[in-house]
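The lines below spell out each chain.
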Amino acid sequence: MPSPEPTRVVLCALNSPGYQSLALGYLRAYAQADSRLAGRVAFQTLDLTVDLDPWWVAYRVLELEPDVLGLSVVCWNARAVFEVARIVKAARPQTTIVLGGPEVGPVAEKVLAAQPAADVVVRGEGEATFTELLYATTRGRDVTRVEGVTARGRGGTVVSAPDRALIADLDSIPSPYLTGVMTPTDNGAYIETYRGCPHRCGYCFEGKGYGRIRSFSEGRIAAEIDAVAQAPGMTAFSFIDPVFNLTGERLQMLARLLAPHAARGIRLHTVEVDIERIDDAAAALLARAGVASVETGPQSVGEAALAECRRGFDAERFRAGVAALKRRGIIVECDLIVGLPGDAVRDFFDGLAFVMSLDPGIVQTSTLHVLPGTDLYDRADELGLVFDPEPPHEIISTPTIGYADLRRAEVRATWLQKRYRARLSPGEER
Amino acid sequence: MLEFNPIIVGGGGRSRCRACHGSAEPVTYRAPGDIATRIAEVVSASTAVPGPNILLTGADPFGHPELPALVEAAVSAGVERIAIDTDGAALRAGDNAAGSLHAGVRHYIVRVTAADEALSVRVTGGPSGPAALAGIAAVRAAAQRLQTPIAIEARVEACRHTIAALPSTVAALAEAGADAVRITVGDVPRSAETSALLAAACDTGMVNAVWVDVVGDTALLPATHALHMTEEDADALP
Ligand code: SF4
């Protein structure tokens, strides 16, 4: 008997230019490793960029005639992704459209109510759920019973199956780099060494959504580092770990694994660090690892905002951390958010003055996005936060800053950043 | 947040509203050696972080016959940010825009009285406004071509002869490529109309993503626009 045609699965992400979606890489690597799907599912990945016209993205998708289309959704690409879903569904109604990612998972039922083109939302960590969803689909089973799935049941009613437990052993997720699912690109590849975050910042999904810390094994991390760092043409890559210097031991381990590559000139860019825990020894380890630049807070220096967002800030330790890194020639990007609950405009500009007084190298300001699944999203009414319900959920007003002043703060901050950035760097070619 | 040490390269020659300030003084320039010495002194005494930063000011530095040597002296002395306080017209000429960028200038403060040509001729005696706009556009284009981060700030003095055109001046500066506009409130009528014009100038900047701050008699700005008020004019131009 001839074997049935495999289910055609297209995974599509609209990334920032220059990047590939690690999330889709994991999904595909995990599903491909499942023997139950062998020969039954054929994958294609479309790593595209968010600046593309959604009609052209849909064209690329439709050319592949997918039975299942998996779309990765984050706040900054959601509008474009939803448009792609609408066009694809209209052109090819038989395609099952599956959405996943932090923008949709925490509000899955709302998303399916608002996006009739979408059939399924994968909630939370996607690898196991997506694989089980594909298994159910290939067997003609009811997908609304798959743990971690929210989908349209009979009669179109939206049904949510129970949550799926987080994957206990991260090494059970095959590496997209080691399996060849992803080819590391120079300056665009990044590695994840653990999931979760010890902190619970109110505006962030990472700590709240992924709970306790789970790590890949040292062997797996070492193998991925070697694969990425030794890829042809590689000069720089990065890590997406929420805190690169999570513990002293971990930093030592990473420095040891990365040092041989750093010695060959491979650099790491914008790794996130807890700057208040960086002393000269930690800065030396980061330099040994090849870290060229780090990204850090403080996000705010206002006491009320820090308390509302459950963030600590010690100006002296922060200052010492930046100084230690600068002594090692490591550029520090200091980030600030305007519109946090409790902050007045003055607090925001005090923060800007503080970080500029450190001359960190890069100063970056952004406007608060009240993201689904975060503490601020859940407490928005209580805190008086008015935000755009449509992605990217930008703050509209707070009890301490009105709409017009938020926009003024954005424009003034942009100007002050331009003034800071307009400079001669040591050794700059002219 | 950023401190610029003024370095006086000369005096006179600035085109301002003649009705308010009379005719421009004749231009004089200081000797390059004196200026270079002053730059070195300022840099060695500077404790500014970020910095050191200097502003070449007084007479228009583009008129100084030794400007390249002065900028070179600043670069060699370790200045991080070199600003030039100019009338802008010289930025149109020859290779001045790209040349100054290559030399190391990163900040341009462009003095503008009014953008509109007829008004400019009427109040300053020449088409200084359109010339300044063309200069801003030239340096913006050069910076884009060279992918060099720069900051362009226009300085506009609002007086009773120019205030009515203030919103359109801000719009023209935004279109030319200014990042920010600082309005100094001079001799203006203390009226509701003046307040409305100042507010409109700020709002015109906002809708063009150009920051506008107001110094001088900031009480004339409506309270709704308090964020645009700058109480201390720390980097007032001589
Ligand atoms: S903002 Fe960073 S430190 Fe805070 S919870 Fe998120 S990942 Fe963790």
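Sequence order as written defines residue numbering, which begins from 1 separately in each chain. Lettering for chains starts from A, numbering for ligands starts from 1, and both go in the order in which the items are written. Side-chain atom pairs in this predicted model are given and counted only at pLDDT of 80 or more, local residue features only at pLDDT of at least 70, and totals for whole chains, interfaces and linings cover all residues. Side-chain numbers come from the whole structure's heavy atoms, not from hydrogens or water.

Asks: Just to check I follow, could you spell out the overall build of chain A for this structure?
Replies: Under the DSSP-based scheme used, a helix requires at least four consecutive residues in state H or I and a strand at least two consecutive residues in state E, with every element numbered from the N terminus. Counting its regular elements, chain A contains 15 helices and 18 strands. The globule rule is 2.2 Å times the number of residues to the power 0.38, and the radius of gyration it is compared with is taken over C-alpha atoms. Over its C-alpha atoms chain A spans a radius of gyration of 22 Å, differing by no more than 12% from the 22 Å that the globule rule assigns to 430 residues. Only protein chains enter the accessibility calculation, which uses a 1.4 Å probe. A residue is then buried if its area is under 20% of the maximum for its type, exposed if over 50%, and partly exposed in between. Classification of the 430 residues of chain A by burial places 55% in the buried group. Areas reported here follow the Shrake-Rupley algorithm with a probe of radius 1.4 Å; residue values treat only the protein chains shown as occluding. If you sum the accessible surface of chain A, you get close to 18,100 Å²; carbon and sulfur atoms cover 51% of it. Within chain A, the 55 negative side-chain charges are centred at a point lying 2 Å from the centre of the 46 positive side-chain charges. Neither His nor the chain ends contribute to the count of charged residues, in which Lys and Arg are positive and Asp and Glu negative. Positions of charges follow a simple convention, taking NZ of Lys, CZ of Arg, CG of Asp or CD of Glu.

Asks: How should I be thinking about the sheet that holds strand β15 (residues 331-338) of chain A in this particular structure?
Replies: Strand pairing in a sheet is mediated by backbone hydrogen bonds. Such pairs are either parallel or antiparallel. All names here are of chain A. Here, any two strands with at least 2 DSSP bridges between them count as paired. Within the open sheet, the 4 strands sit side by side as β13-β14-β15-β16. Their pairing is parallel. The open sheet has two edge strands with one neighbour each: β13 (271-272) and β16 (361-367). Inspection of the sheet shows β15 paired to β16 by 7 bridges, in the parallel sense. Its bridge partner lying in β16, V332 is registered against G361. Sheet strands touched by helix α12 (residues 345-357): β14 (293-299), β15 and β16. Its angle to β15, the strand with the most contacts, is close to 175°. We call two residues in contact when some of their heavy atoms are within 4.5 Å. For helices, the fitted line uses only the C-alpha atoms of the stretch in contact; every axis is such a line through C-alpha atoms, and the angle between N-to-C directions lies from 0 to 180 degrees.

Asks: I'm lost on the pattern of salt bridges in this one. Help?
Replies: Where charged atoms from two side chains of opposite charge approach closely, those side chains can pair. Residue and element names in this part refer to chain A. By convention in these notes, a salt bridge is any Lys or Arg side-chain nitrogen within 4 Å of a carboxyl oxygen on Asp or Glu. Under the counting rule described, the total for this entry stands at 36 salt bridges over all chains. Close ionic contact of D388 with R79 constitutes a salt bridge, the shortest N to O distance being 3.4 Å. With D388 in the loop between β17 (386-387) and β18 (395-397) and R79 in helix α3 (residues 78-91), this residue pair connects regions lying 309 residues apart in the sequence. The class for D388 is partly exposed, based on a relative accessible area of 24%. What makes R79 partly exposed here is its relative accessible area of 48%. One salt bridge connects D375 with R379, and the closest N-O pair in it is separated by 3.3 Å. On the basis of relative accessibility, which here comes to 10%, the residue D375 falls in the buried class. Taking the relative accessible area as the measure of exposure, R379 reaches 18% and is therefore buried. A single network of salt bridges, built from pairs that share partners, joins E125, E127, E192, R195 and R214.

Asks: Can you help me understand the site of the ligand in this one?
Replies: Looking at the ligand, there are 8 residues lining it, with C197(A), H199(A), C201(A), C204(A) and P242(A) nearest. For the shell around the ligand, the residue count by class is 5 nonpolar, 2 polar and 1 charged. Whether a residue is near a molecule or strand depends on its heavy atoms: if one lies within 4 Å, it is near. Put simply, Ala, Val, Leu, Ile, Met, Phe, Trp, Tyr, Cys and Pro go in the nonpolar bin, Asp, Glu, Lys and Arg in the charged bin, and everything else, Gly too, in the polar bin.

Asks: Hey, could you run me through the interface of chain A and chain B in this one?
Replies: On the chain B side, the residues contacting the 24 residues of chain A number 32 residues. Buried surface area refers to the total accessible area, computed with a probe of radius 1.4 Å, that the two partners give up upon joining, counted for both partners together. Area buried by chain A at its contact with chain B is led by R408(A), W415(A) and R419(A), which between them contribute 30% of it. At the boundary of chain A and chain B, one finds 1 salt bridge. The residue K418(A) makes a salt bridge to D179(B) at a minimum N-O spacing of 3.0 Å. Polar contacts, as used here, are pairs of N or O atoms within 3.5 Å; protein pairs need one atom able to donate a hydrogen and one able to accept it. Residues neighboring in sequence count only if both atoms are side-chain atoms. The tally of links from chain A across to chain B stands at 9 residue pairs in polar contact (both at pLDDT 80 or more). Elements with a contribution of two residues or more to the side of chain A that touches chain B: α12 and α15 (403-421) of chain A. Looking at which element gives the most residues to the side of chain A that touches chain B, the answer is α15(A), with 11 residues.

Asks: Whenever I open this one, the domain arrangement of chain A confuses me. Can you help?
Replies: Many descriptions give the size of an interface as the accessible area lost when the pieces come together. Residue and element names in this part refer to chain A. Domain boundaries shown here were taken from an automatic or database domain assignment. Partitioning chain A into domains gives domain 1 (7-160) and domain 2 (184-422). The distance between the C-alpha centroids of domain 1 and domain 2 comes to 29 Å. Every contact between the two is made by 18 residues of domain 1 and, on the other side, 22 residues of domain 2. Both faces combined, the contact of domain 1 with domain 2 buries some 1,600 Å², and carbon together with sulfur accounts for 53% of it. Area buried by domain 1 at its contact with domain 2 is led by Y26, R79 and E125, which between them contribute 30% of it. Across the domain 1-domain 2 interface, the total number found is 4 salt bridges. The interface formed by domain 1 and domain 2 holds 9 residue pairs in polar contact (both at pLDDT 80 or more) in total. Of all the secondary structure elements, the ones that give two or more residues to the side of domain 1 that touches domain 2 are α1 (22-32) and α3. Counting residues per element, the side of domain 1 that touches domain 2 draws most heavily on α3, which supplies 3 residues. Residue composition of the side of domain 1 that touches domain 2, grouped by class: 9 nonpolar, 4 polar and 5 charged.

Asks: I would appreciate a short explanation of helix α2 (residues 32-45) of chain B in the present structure.
Replies: Since the α-helix turns once every 3.6 residues, residues separated by three or four places project in the same direction. All names here are of chain B. The end-to-end C-alpha distance of α2 is 20 Å, a good match for the 20 Å that 14 residues give at a rise of 1.5 Å each. Within α2 the residues assigned to the buried category are I35, I39, V42 and V43. Looking straight down α2, one finds that the buried residues subtend no more than 95° of arc, so they occupy a single side. Set apart from the buried face of α2 by more than 90 degrees, the exposed residues are S44 and A45. Contacts made by the buried residues of α2 are with β1 (5-8), β4 (53-57) and α3 (67-76). The span expected for a helix works out to 1.5 Å for each residue beyond the first. Taken from the helix axis, the directions to the C-beta atoms give the arc we talk about.

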